[in-house]
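Here are the chains, one letter per residue:
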Amino acid sequence: MKYIIKAFFKLSILLFLVSWPASAQKDYKLWLQYEKKTSSQIISGYISNIKGIVVLENTETSKIATNELQTALSDMLGSKIQVTVKTEENNTIILGSKSVLSPEIEKVIGSDFDLINDEGFIIKTVSVKNKNHIIITGKKDIGVLYGVYSFLRLIQMNKPVKNLRIVDAPKTNIRILNHWDNLDRTVERGYAGFSLWNWQKLPGFIDQRYIDYARANASIGINGTVLTNVNANALILTPQYLEKVEALASVFRPYGIKVYLTARFSAPIEIGGLKTADPKEADVANWWKNKAKEIYNRIPDFGGFLVKANSEGQPGPQNYGRDHVDGANMLADAVAPFGGVIMWRAFVYSEHDANDRAKQAYAEFVPYDGKFKDNVIVQVKNGAIDFQPREPFHPMFGAMPKTPLMMEFQITQEYLGFSTHLVFLPKLFQEVLEADTYQKGKGTTVSKVIDGSFTKTKLTGIAGVSNVGNDLNWTGHPFAQVNWYGFGRLAWNPNLDSEVIADEWLRCTFSNDENFINPIKKMMIESREAAVNYMTPLGLHHIMDTGHHYGPGPWVSNLSRPEWNPVYYHKADKNGIGFDRSKTGTNATAQYAPEVEKLFDNVETCPEKDLLWFHHLSWDYKLKNGQTLWNGMALKYQEGVNQVKNMQNIWNKTEKYVDEERFKEVQMLLEIQYKEAKWWRDACLLYFQQYSGKELPAGVEKPSQSLDYFKSLKFPFAPGN
Ligand code: BDP
């Protein structure tokens, strides 16, 4: 008996140890789960017909494509798929780029090649010499790799792989993650652990994570990564670090990913021993030229530099009486001989400028339209302030027709509940991309500005500030993975619907069961509006607490720069609330095309979701639903809280569709989100109530604590700060 109990005990420990990694792996595997299919799924998906993989080329990239296809198919089919080089067999998948296809196959692909660029792919069911095949091809091997991921996505989603003709290519050239990672491995605004880059062990130690990171990015078409923080450290440009960067670049290369670095403008002084970093000084320009040469010697396909200059205390050309054009063009000359680009950020606002902060980037940059070198692209945040839960699109997108502009989205949730709140960001991204700038008449959407449809610019791009860290599940929250996924999919195709993204991701990450997909998709789609409602409804913005940006802080008014204080943005007083950016105020609306200006300027036509962004209104102002502004605002805060409660109810019903670990993780996180939604509601309403002097309307729960209590909360070790 004793022996049996002991054995049972040992067995339970063993089972525990075995089961832990298996479920944890699900989190780690992201949207590349490749779950085994049932026999009916295999039959209805026509994958049982696939008899082997034929590989026509032998590059590093094509080896990755083959391996991915073989492993994934074998896992999903439950039996090993063979790889051969014999094209004469029936029912195979043939992988190969245009140059290695046989004339017969090239002929059946025909003019489809004209429809794609160098990164595009074609997936086509063909019959050649009475044999059936699925061809996955592209102009280059990277296209084949992207094609493989797209093909596998179909199978993951139980879409039949019969009679296929998919022709797809990315609409932007630079699809890039910006890591705000410091050399000590802390991550500015990072909520998923420490930086992936283990600088101390590089270049000798190649963490498997680097490979898995590259694979995840390639699977969604991301083709660039900026390894370092925009608040840059010049040391990254020293040989000691460049050797490490080179090692990472070699890992990423076969996945089609180029490495970029942030350039600290004062690097010539800090690591170059020069007395100045003046871009007009020949010594300085030469220093950068030599630095570029040194980097390209190591990394021939180095992407280029991302630069934050003269912004929030970072050095830049203005320190020497020069301007952004001088700075960007000097760096552009340094990397141009090697095909590099400069991504110059437009996130600027000055403590010496008393003007509305929302107007400053436009005022500073629009006069430079057409003055940057061809290999410069100006990187603009989606809104004019700073990644708030909702911002109207940045007016610069409608105002620089002669300059390539790239979008900067924030995937990490600095202002959207860190990695604790479930907020589906593709919905936010889509809202911005679809916005009409009217730059060249109706239909000049932001997406068309950045994909170069109108300007025919050669350089196009979308950047996303990464939410990835060394947490086991990469992003801290299982559902934050979709924000990385969705960013990649939108960078590839800025016109993609966010609902399609949610659908794809859920099927590949969790389950194809409609009973799971339908409610959870709805929950995701609504989650962004829920966050806006419980944080910053009706156009409110920048009312978070200081420094760490965790939780509400509408009362903050003591910071040295006026535009750092929440009171600067909400302007609540006895007469009302909101920032008057209309003609009667700062006239920021005039930075938009006349059609948009008119819309925002007139309080009657201004969308209510942006109301307090553009207008200061009395507490009794009547909203479209007949409520007063005060009541309407309070009800919005309550609605946000109710939406989170509803998200919890929906999630609690999914236990049988989800593995235990992820089910519990999301359940716990939603509980925290619910508490924090109430915290936002109570703190903001109590604070604003001091000015409105009005009771909370029926339907809004009474606050659980006093305003003083909320003001007293301190978070000295909040992450990411
Ligand atoms: C703000 C962040 C700050 C960044 C800055 C930027 O709070 O940490 O350095 O943006 O984008 O959102 O440069």
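Residues numbered from 1 in each chain as written. Predicted model: local features only at pLDDT ≥ 70, side-chain atom pairs only at ≥ 80, totals over all residues. Heavy atoms only, no water.

K.L.:
Before we go on, may I ask you to explain the site of the ligand in this structure?
P.N.:
Near the ligand, the surroundings consist of 14 residues, among which E188, K308, R345, D386 and E414 are the closest. Between the ligand and the protein, one listed contact pairs an oxygen atom with a side-chain N or O atom of N231 at 3.0 Å. Side-chain polar atom of D386 to an oxygen atom of the ligand: 2.6 Å apart, as the coordinates give it. Out of a free accessible area of 320 Å², the ligand has 96% covered by protein chains. For the shell around the ligand, the per-class residue count stands at four nonpolar, two polar and eight charged. (Near = heavy atom within 4 Å. Polar contact = N/O pair within 3.5 Å; in protein donor to acceptor, adjacent residues only side chain to side chain. Areas by Shrake-Rupley, 256 points an atom, 1.4 Å probe, with all protein chains shown as cover. Nonpolar A, V, L, I, M, F, W, Y, C, P; charged D, E, K, R; others polar.)

K.L.:
I'm lost on empty space enclosed by the protein in this one. Help?
P.N.:
Picture a little ball the size of a water molecule; that probe, rolled over the atoms, points out where space is still empty. Evaluated as defined, the whole model comprises nine cavities of 30 Å³ or more. Roughly 110 Å³ of internal volume is contained in the largest cavity. Lining of the largest cavity is provided by 17 residues; of these, Y415, M535, H549, G551 and W680 occupy positions nearest its centre. For the lining of the largest cavity, the element with the most residues is helix 21 (residues 660-692), which contributes three residues. When grouped by side-chain class, the residues that make up the lining of the largest cavity number nine nonpolar, six polar and two charged. Split by domain, the residues of the lining of the largest cavity number at least three in each of domain 3 (174-509) and domain 4 (533-579 + 616-712). If you add up the space inside the second largest cavity, you get close to 80 Å³. (1 Å grid on protein atoms, 1.4 Å probe; cavity = no way out; pocket = protein on both sides within 12 Å on 5 of 7 lines; lining within 4 Å. Points joined across faces, edges and corners; volume = space filled by probe spheres on them. Helix = DSSP H or I, 4+ residues; strand = E, 2+ residues; numbered from the N terminus. Domains from an automatic or database assignment.)

K.L.:
Quick question: what am I supposed to make of helix 7 (residues 239-252) here?
P.N.:
Helical periodicity: at 3.6 residues per turn, an α-helix aligns residues three or four positions apart in one direction. With 14 residues, helix 7 extends 20 Å from end C-alpha to end C-alpha; this agrees with the ideal 20 Å at 1.5 Å per step. Within the span of helix 7, buried status applies to Y241, L242, K244, V245, A247, L248, A249, V251 and F252. The elements touched by buried residues of helix 7 are helix 6 (208-219), strand 8 (224-226), strand 9 (258-262) and helix 9 (282-298). (Expected span 1.5 Å × (residues − 1). Buried < 20%, exposed > 50% of the residue type's maximum accessible area, 1.4 Å probe, protein only. Contact = heavy atoms within 4.5 Å.)

K.L.:
Quick question: what am I supposed to make of the UniProt feature "domain: Glycosyl hydrolase family 67 catalytic" (unreviewed entry) in the protein chain here?
P.N.:
As annotated in UniProt, the feature "domain: Glycosyl hydrolase family 67 catalytic" (unreviewed entry) corresponds to residues 155-474 in the numbering used here. Secondary structure across residues 155-474 divides into 26% helix and 13% strand, with the first and last C-alpha atoms of the span separated by 24 Å. (UniProt positions renumbered as here; feature names shortened; annotations may be inferred.)

K.L.:
Mind showing me how you'd approach unusual backbone geometry here?
P.N.:
Keep in mind that most residues, glycine aside, have a negative phi and that most peptide bonds are trans. Geometrically, the link from L202 to P203 is a cis peptide bond, its omega value of 5° lying close to zero. Mapped onto the elements of the fold, P203 is located in the loop between strand 7 (174-178) and helix 6. Notably, Y438 is not glycine yet its phi reads approximately 60°, a positive angle. Within the secondary structure, Y438 is located in the loop between helix 12 (426-434) and helix 13 (446-450). Overall, Y438 belongs to the partly exposed group, its relative accessible area being 23%.

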